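Each chain, written out:
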Amino acid sequence: MNLIPLETHLAQVLAKVTPREQLRVPLLEAHGCVLAAPVIARASLPGFDNSGMDGYAVRFADVQNASEAAPVRLRVVGDVPAGSSADPALAPGTCARVMTGAPIPSDADAVVPLEATTLGTAVTETAAETIDVTSAKGPGAHIRRAGEDIAEGTELLPAGTELGARAIATLAAGGVGEVEVVRRPRVAVIATGDELLDPTAADVAALTPARGQLYDSNTPLMGLLANEAGAEIIGVFRTDDSGEHLLEVVEAACERADVVITTGGVSVGAFDVVRLRLSDRGVNFTKVAMQPGKPQGFGQIGNALVFCLPGNPVSAMASFEAFVRPALRRMRGELGPTHDSRMAVVGEEWRTPAGRAQLMPVRWTDGDTIVPAHSGGSGSHMVGRIARADGLAVVPADCELVRVGDQLEVWEMLR
Ligand SMILES: Nc1nc2c(c(=O)[nH]1)N[C@H]1C(S)=C(S)[C@@H](COP(=O)(O)OP(=O)(O)OC[C@H]3O[C@@H](n4cnc5c(N)ncnc54)[C@H](O)[C@@H]3O)O[C@H]1N2
Ligand code: MOO
């Protein structure tokens, strides 16, 4: 069977992907979701002219010639803490004490900080009757103008914004209590294989591998990668190689999930149950020109997209990064590129398989340079070393030797 290029397989996957529906959620529940519609500022930020310093709101004309040698005396006629709605009238020669964030009296056009008075920062509960100003910066000094951050009626955040802590804070500051987001895609993970043991099993006997057995690392890998990619995990399952329960588990998962990820059983082996059972159920099994991650299944069952990834953990990880993450991004409403990628300079030579794009686990040695993350290269079973990688370098299929100084695209990964 001919190998299909990685880009072609990705394009076939993305052709089936649509963003999930919109829903309105309380602001804090939107954390990690993507905005479905732009949010327009209902009010300006700041909402009113306010003081940037603890000090005195003044008429600048009164104090423009103030100096240490010739201080200007002003009468304090008002006291405006933050949160106060007071707006004391200021006749020439008067001022109001203001604290940081307090509204600026309408008659004032500058703030003199406490330090620019002879009293300095010796603060008392009630303001002094008079103050002596020793310097003044200029009209508008230390006044934070209404709307200088965000003007009312302009866009607070555009559609497609991922709502991290900073975006949520911006919305909170704008008084936005609920937002329209794209629903997170729901993901189910199914690992297949007779050899799999649950490393978290309570039963100690069940934890001791017999010959040929190994611990399942793909369900945490797939589930948590999907979680990190902004999906909601709705189920994690293990099935054996008999195939007896596989269809049942897959079909039940497809009824509730937007994406079902299986691992294992997709190669040409006699017990490759996923390929054998799902081929005639809408999943297409192909070989993609990539290493690791050559055998791939992809299709649709009901409304769910089904990714049947190889069982080797590094192959499953590379396949997730190549195909599943881009699909989840689009489903959750992200509009940007399919991958977080950066160009890097190669710091160490390595060989790559002919005719297959290689996804090499790499680590950064400085801000620009990458080397293979470990001596096992892109070996598909090297699960013990995947945590050492910062990303996957994408080596084009026609390259057989990566040389020092070559430039490669790197898909960045979280540790
Ligand atoms: N004759 C051929 N053999 C193989 C070919 C081929 O073209 N011809 N392709 C190889 C490639 S490439 C890959 S990748 C693997 C894919 O195999 P499967 O997807 O069928 O995976 P399994 O055979 O079920 O398992 C492979 C490997 O991974 C381990 N595994 C499986 N599940 C887990 C899990 N949940 N946690 C940890 N480790 C897991 C499993 O024990 C095997 O060692 O096929 C090659 N063979
Ligand atoms: O393509 Mo397989 O994923 O080499 O190991």
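Relevant structure appears above.
Throughout, residues of each chain are indexed from 1 in the direction in which the sequence is written. Each chain takes a letter, starting from A, and each ligand takes a number, starting from 1, following the order in which they are written. Two thresholds apply to this predicted model, a pLDDT of at least 70 for residue-level local features and 80 or more for giving and counting side-chain atom pairs, whereas whole-chain, interface and lining totals are computed over all residues. Hydrogen atoms and water are omitted, and side-chain values are computed over all heavy atoms in the structure.

(A) Here's a closer look at the site of ligand 2. In the neighbourhood of ligand 2, the contacting residues comprise Gln 291, Pro 292, Gly 293, Lys 294, Asn 312, Ser 315, Arg 356 and Ser 380. Polar contact is the term for a pair of N or O atoms within 3.5 Å; when the atoms are in protein, one must be able to donate a hydrogen and the other to accept it, and sequence-neighboring residues count only if both atoms are side-chain atoms. Take Gly 293: an N or O atom from its main chain is 2.4 Å from an oxygen atom of ligand 2. A distance of 2.6 Å separates an oxygen atom of ligand 2 from a polar atom in the side chain of Ser 315. Ten residue types, Ala, Val, Leu, Ile, Met, Phe, Trp, Tyr, Cys and Pro, are classed as nonpolar, four, Asp, Glu, Lys and Arg, as charged, and the remainder, Gly among them, as polar. When the residues that make up the shell around ligand 2 are grouped by side-chain class, the tally is 1 nonpolar, 5 polar and 2 charged. One heavy atom within 4 Å of a molecule or strand is enough for the residue carrying it to be called near that molecule or strand.

(B) Seen up close, helix α4 (residues 218–228). Exposure is judged per residue with a 1.4 Å probe applied to protein chains only, and the accessible area is read against the type maximum: over 50% gives exposed, under 20% gives buried, and values in between give partly exposed. Only DSSP runs of H or I reaching four residues or more are called helices, and only runs of E reaching two or more are called strands; each is numbered from the N terminus. Buried within α4 we find Asn 218, Thr 219, Leu 221, Met 222, Gly 223, Leu 225 and Ala 226. In the stretch just after α4, Gly 230 is the one whose phi turns positive, near 95°.

(C) Representation of the site of ligand 1. Surveying the vicinity of ligand 1 reveals 23 residues, the closest of which are Glu 195, Asp 216, Ser 217, Gly 311 and Asn 312. A distance of 3.1 Å separates an oxygen atom of ligand 1 from a polar atom in the backbone of Val 266. Accessibility throughout is a Shrake-Rupley quantity obtained with a 1.4 Å probe, and a residue counts as covered only by protein chains that appear here. Against a free-state accessible area of 870 Å², the protein chains account for coverage of 70% of ligand 1. Here the term cavity refers to a set of points on a 1 Å grid, laid over the protein atoms alone, in which a 1.4 Å probe fits but cannot get out; the term pocket refers to an open set having protein on both sides within 12 Å along at least five of seven lines, with lining residues being those that place an atom within 4 Å of a point. Just a note on the criterion: a molecule sits in a pocket or cavity if more than half of its atoms are within 2 Å of the grid points. Because more than half of its atoms lie within 2 Å of the grid, ligand 1 is assigned to the largest pocket. Class assignment for the residues of the shell around ligand 1 results in 9 nonpolar, 9 polar and 5 charged.

(D) Region of interest: unusual backbone geometry. Geometrically, the link from Leu 45 to Pro 46 is a cis peptide bond, its omega value of -15° lying close to zero. Among the secondary structure elements, Pro 46 is positioned in the loop between β3 (39–40) and β4 (50–51). In this model, Gln 291 is joined to Pro 292 through a cis peptide bond whose omega is -5°. The topology assignment puts Pro 292 in the loop between β19 (290–291) and β20 (295–301).

(E) Spatial organisation of the state of the cysteines. Here, two cysteine sulfur atoms that lie within 2.5 Å of each other are counted as a disulfide. All told, the structure shown has 0 disulfides when counted by the stated rule. The structure places no disulfide on Cys 308, whose sulfur is separated from the nearest cysteine sulfur, that of Cys 254, by 8.9 Å.

(F) Up close: the nonpolar core. One finds Met 222, Phe 307, Phe 320, Phe 323, Leu 328 and Leu 359 to be the most contacted residues of the largest nonpolar core, which totals 41 residues. Taken together, the elements giving at least two residues each to this core come down to α1 (6–15), β13 (186–192), α4, β17 (259–263), β21 (304–309), α7 (313–331), β24 (357–364) and β26 (391–395). Per-element tally for this core: the top contributor is α7, with 11 residues. Boundary definitions for the domains trace back to an automatic or database domain assignment. Inspection of this core shows a minimum of three residues originating in each of domain 1 (4–20 + 184–331) and domain 4 (341–412). In these notes, a set of buried Ala, Val, Leu, Ile, Met, Phe, Trp, Tyr and Cys residues joined through side-chain atoms within 4.5 Å is what counts as a nonpolar core.

(G) Broad picture of the packing of α4 against α7. Running from N to C, α4 and α7 point in directions that differ by 25°, and their axes come no closer than 10 Å. Our classification of the angle between α4 and α7 gives roughly parallel. Along this stretch, α4 crosses α7, giving a crossing that reads as right-handed. Along the contact surface, α4 presents Asn 218, Leu 221, Met 222, Leu 225 and Ala 226, while α7 presents Pro 313, Ala 316, Met 317, Phe 320, Glu 321, Arg 325 and Leu 328. By residue class, the composition of the contact of α4 with α7 is 9 nonpolar, 1 polar and 2 charged. Only the contacting stretch of a helix is used when fitting its axis, a line to C-alpha atoms as for every element, and angles between N-to-C directions run 0 to 180 degrees. To sort the angles, those under 35 degrees are grouped as roughly parallel, those over 145 as roughly antiparallel, those from 65 to 115 as roughly perpendicular, and the leftovers as oblique. By convention, the crossing between two helices is left-handed when the near helix turns anticlockwise from the far helix through less than a right angle, and right-handed when the turn is clockwise. Residue contacts are counted whenever heavy atoms from the two residues lie within 4.5 Å of one another.

(H) Inspection of the sheet that holds strand β18 (residues 283–287) at higher detail. Pairing is mixed across the open sheet formed by 6 strands, whose spatial order is β16-β13-β17-β21-β20-β18. The outermost strands of the open sheet, each flanked by one partner alone, are β16 (232–239) and β18. Strand-to-strand twist across the sheet, computed as the mean angle between neighbouring axes with direction ignored, equals 15°. The pairing criterion for strands is at least two bridges between them, as found by DSSP. Two strands pair when backbone bridges link them, and β13 and β17 are joined in this way by 5 bridges, in the parallel orientation. Counted as the bridge partner of Ala 188 is Val 260 from β17. Contacts from α1 reach β18, β20 and β21, with the element oriented near 15° to β20. Packing of α7 onto the sheet brings it into contact with β13, β17, β20 and β21, and relative to β21 it is tilted by some 165°.

(I) Highlighting the packing of α1 against α7. Across the interface, α1 lies against α7 with an axial gap of 10 Å and an inter-helix angle of 30°. Like other packed secondary-structure pairs, α1 and α7 cross with a definite hand, here right-handed. Here α1 contributes Leu 6, His 9, Leu 10, Val 13 and Leu 14 to the contact with α7, which in turn contributes Ala 322, Phe 323, Pro 326, Ala 327 and Arg 330. Partitioned by chemical class, the residues of the contact of α1 with α7 number 8 nonpolar, 1 polar and 1 charged.

(J) Molecular detail of the side chain of His 9. Mapping His 9 onto the fold places it in helix α1. Residue classification places His 9 among the buried residues on the basis of a relative accessible area of 3%. Beyond its immediate chain neighbours, meaning those up to four positions away, His 9 contacts Ile 4, Thr 286, Val 288, Gln 296, Phe 298 and Phe 323.

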